[in-house]
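# Working through the structure, step by step
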Amino acid sequence: MDDLSLALQVALGNQKNWKDGCVAWVESRDSQCGKKRSEGFLCSRHISVAKRRAEARAAKLEAYQARKKIFHDKHISEWRERLDGVEAELERRTGVLTTDRAAYGGVGTPAIARHNQRQFSDSNVERVGELIREKESLESKIAGVHGA
Ligand SMILES: [Zn+2]
């Protein structure tokens, strides 16, 4: 970890306000430590405090990611299954115009006309919107974009 990142573990964020000496913020005194810098921006005591904090943060992050991975592994097959269902329903509700027309008796048949009408009814549009949102949400979950 570089000097600045280490200093930011124990100092206040606004570097413009840092004075000479160790920049660690001492809560009990409500002021900057100010002792002689031993390395980078910190005195020797605050270097070890900063290192401990950095390690604790890294450990916490690691634990969080491990939990997230377990959650992800546990749910991924059900998310994939649900995604298949969502995609199938989306295709049923929207796909007939662009996919297998023959299955519906060809273009211009009453079946197609009825389907087209159904496709643009308010409730279908609403449902398709829901399905698209659910599909996006499932895809990002499967990709591991969202946290557990
Ligand atoms: Zn210090």
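Source: prediction; values computed, not measured.

### Brief notes about the overall build of the protein
The number of helices and strands found in the protein is 4 helices and 2 strands. Walking the protein from its N terminus toward its C terminus, one meets helices and strands in the order α-β-β-α-α-α. Buried residues in the protein amount to 28% of all 148 residues. In the protein, 46% of the contacts between residues at least 6 apart in sequence involve partners at least 24 apart. Here the protein has roughly 10,300 Å² of accessible surface; of this, 52% comes from carbon and sulfur atoms.

### Considering the nonpolar core
Counting residues in hydrophobic clusters, the biggest one holds 15 residues, and the most contacted among them are V10, C22, V23, A24, C33 and L42. Sorting the residues of this core by element identifies α1 (3–8) and α2 (44–94) as the ones contributing at least two each. The element that contributes the greatest number of residues to this core is α2, accounting for 3 residues.

### Some details on the coordination of the zinc ion
At this site the zinc ion is bound by C22 (SG), C33 (SG), C43 (SG) and H46 (ND1), with donor distances of 2.0 to 2.3 Å. Coordination at the zinc ion comes from 4 donor atoms whose angles at the metal span 105 to 119°, giving a geometry best classed as tetrahedral. Ordering the donors of the zinc ion by residue number gives the pattern C-x10-C-x9-C-x2-H. Of this pair, C33 sits in the loop between β2 (31–32) and α2 while C43 sits in the loop between β2 and α2, and the two are 10 residues apart along the sequence. Accessibility expressed as a relative area gives 5% for C43, which makes it buried.

### Quick word on the packing of aromatic side chains
In the structure shown here, the tally under the stated rule is 2 aromatic pairs. Their ring planes at 65° and their centres at 5.4 Å tell us that W18 and F41 sit as a pair that is edge-to-face. Here W18, found in the loop between α1 and β1 (25–26), pairs with F41, found in the loop between β2 and α2; they are 23 residues apart in sequence, far enough to count as distant. Overall, the relative accessible area of 25% leaves F41 in the partly exposed class.

### With respect to the side chain of Q32
As for its position among the elements, Q32 is in strand β2. Overall, Q32 belongs to the buried group, its relative accessible area being 11%. A distance of 3.1 Å separates a polar side-chain atom of Q32 from the backbone oxygen of C22. Look past the residues within four positions of Q32 in its chain and what remains in contact with it is N17, W18, K19, D20, G21, C22, V23, A24 and W25.

### Here's the deal with the confidence of the model for the protein
Chain-level statistics for the protein give a pLDDT mean of 86 and a share of 80% at 70 or above. Within the protein, the element-level pLDDT minimum falls on helix α3 (residues 110–119), averaging 66, and the maximum on β1, averaging 96.

Criteria and thresholds
- Residues numbered from 1 in each chain as written.
- Predicted model: local features only at pLDDT ≥ 70, side-chain atom pairs only at ≥ 80, totals over all residues.
- Heavy atoms only, no water.
- Helix = DSSP H or I, 4+ residues; strand = E, 2+ residues; numbered from the N terminus.
- Buried < 20%, exposed > 50% of the residue type's maximum accessible area, 1.4 Å probe, protein only.
- Contact = heavy atoms within 4.5 Å.
- Areas by Shrake-Rupley, 256 points an atom, 1.4 Å probe, with all protein chains shown as cover.
- Core = buried A, V, L, I, M, F, W, Y, C linked by side-chain atoms within 4.5 Å.
- Donors = N, O, S within 2.8 Å, 3.2 Å for Na, K, Ca; no water.
- Tetrahedral: all angles 85-135°; square planar, octahedral: opposite > 155°, others 65-115°.
- Phe/Tyr/Trp six-rings, centres within 6.5 Å; stacked < 30°, edge-to-face > 60°.
- Polar contact = N/O pair within 3.5 Å; in protein donor to acceptor, adjacent residues only side chain to side chain.
- pLDDT = per-residue confidence, 0-100.

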